[in-house]
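Letter by letter, the chains look like this.
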Amino acid sequence: MTSITTAQVQTLIDGKGAVVSDSGDKIGSIEQLFLDDITGEPTWVTVKTGLFGTSESFVPLDRATVVGDDIQVPYDKAMVKDAPRVDTDQHLTPQEEEGLYRYYGLEYASAGHGETYSQTTTDTARSAGTATGTAGTGTTTGVTDTAAPAAATTGTGRDRRDVDDASVVRSEERVDVGTRRREAGRVRLRKYVVTENVTKTVPVTREEVRVEREPVTAGDRVSGDIGDDVAEVTLHEDEVVVDKETVPVERVSLGKDTVTEERAVTEQVRKEQVETDLDRDVRP
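All values reported here derive from a predicted model rather than from experimental measurement.

Asks: Got a minute to help me understand a nonpolar patch on the surface in this structure?
Replies: Taken together, the side chains of Val 175, Val 177, Val 265 and Val 269 make up a nonpolar region of the molecular surface, amounting to roughly 310 Å² of accessible area. By secondary structure assignment, the location of Val 269 is in the segment after strand S9 (138–141). The class for Val 269 is partly exposed, based on a relative accessible area of 44%.

Asks: I tried to follow the pattern of salt bridges on my own but got confused; where do I start?
Replies: Working definition: two side chains of opposite charge can pair if their charged atoms are close together. Evaluation of the coordinates by the stated rule reveals eight salt bridges. In this structure, the salt-bridge partner of Arg 174 is Glu 172, at a minimum N-O distance of 3.7 Å. Note that Glu 173 and Arg 270 form a salt bridge whose closest N and O atoms lie 2.9 Å from each other. Note that Glu 173 is positioned in the segment after S9 and Arg 270 in the segment after S9, a separation of 97 residues in sequence. You can call Glu 173 partly exposed: its relative accessible area is 33%. Several salt bridges converge on common partners, so that one network encompasses Arg 170, Glu 172 and Arg 174.

Asks: I would appreciate a short explanation of the pairing of strand S2 (residues 26–36) in the present structure.
Replies: Note on strand geometry: in a regular strand, side chains alternate between the two faces of the sheet. Burial runs high along S2: eight of the eleven residues are buried. Of the pairings in the sheet, the one linking strand S1 (residues 18–20) to S2 comprises three bridges and is antiparallel in character. The residue bridging Val 20 from the neighbouring strand is Lys 26, located in S2. In textbook terms, the turn of a hairpin is the stretch between consecutive antiparallel strands, and for S1 and S2 this stretch comprises five residues, one of which, Gly 24, has a positive phi near 90°. The sheet contact formed by S2 and strand S3 (residues 42–49) spans five bridges and is antiparallel. Across the sheet, residue Phe 34 finds its bridge partner in S3, namely Trp 44. Where S2 folds back on S3, the antiparallel hairpin that results is connected by five residues, among which Gly 40 adopts a positive phi of roughly 75°.

The rules behind each value
- Residues numbered from 1 in each chain as written.
- Predicted model: local features only at pLDDT ≥ 70, side-chain atom pairs only at ≥ 80, totals over all residues.
- Heavy atoms only, no water.
- Patch = residues over 30% accessible without salt bridge, like charges linked within 9 Å, V, L, I, M, F, W, Y side chains within 5 Å.
- Areas by Shrake-Rupley, 256 points an atom, 1.4 Å probe, with all protein chains shown as cover.
- Salt bridge = Lys/Arg side-chain N within 4 Å of Asp/Glu carboxyl O.
- Helix = DSSP H or I, 4+ residues; strand = E, 2+ residues; numbered from the N terminus.
- Buried < 20%, exposed > 50% of the residue type's maximum accessible area, 1.4 Å probe, protein only.
- Pairing = 2+ DSSP bridges.

Honestly, it's all geometry; don't read function into it.
In structure tokens:
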């Protein structure tokens, strides 16, 4: 029997918990809890699976435990996702429930049904909503009781156990399209050195000698000795000096922009059709 009690249903619903594996990996969000009509105890939980969470898969609670706001089960996500598909808007039939137990490797009698399984139906407790309903003998706020007596078989909600055995199941493929992120390329910033000529004009000065002559008068006191003599002056000029220094002038970096576009995906899907083939004429 499951270790999860009816009293914990409200906590799981209010906490918007999830079903996780023994390793702690999330399998999916809790959608519905199924309660046994006879015992009122939780027996199944459904989780959202599929690429966009469009499908619900059943998980048995026989070996489940409550960890915080989550339910921990000894199954991984792949196993739960591949579980037999069962309509979650109606009662589980004994055949459906037995098939699910067989898929998870559980004995059907271990769920407490034994030989009376043909009388068992289940209540569903949706994880969303604030309606008040009953689960077993207790009253739980936030649990919606959607179970109906077996006699209420009107419209599309009739018990599928009344369907004639001469039937076939029609199946079809459905396409789930999503996206996954992959590496599309890499962009690098690379710095390299180029050489170019720079021409600048600067003014330069130089000294030139100029010979000046002036006559000597009788009143000037100058030596008039005959002989060799030398006079000299020093000339100056500007010399062009080039010096270089390295200075930072610009910071260059890479940024990323996200661009969204629409892309059409075409895929072939198969579906089954049903037709009637008579082996003899039908007479009124």
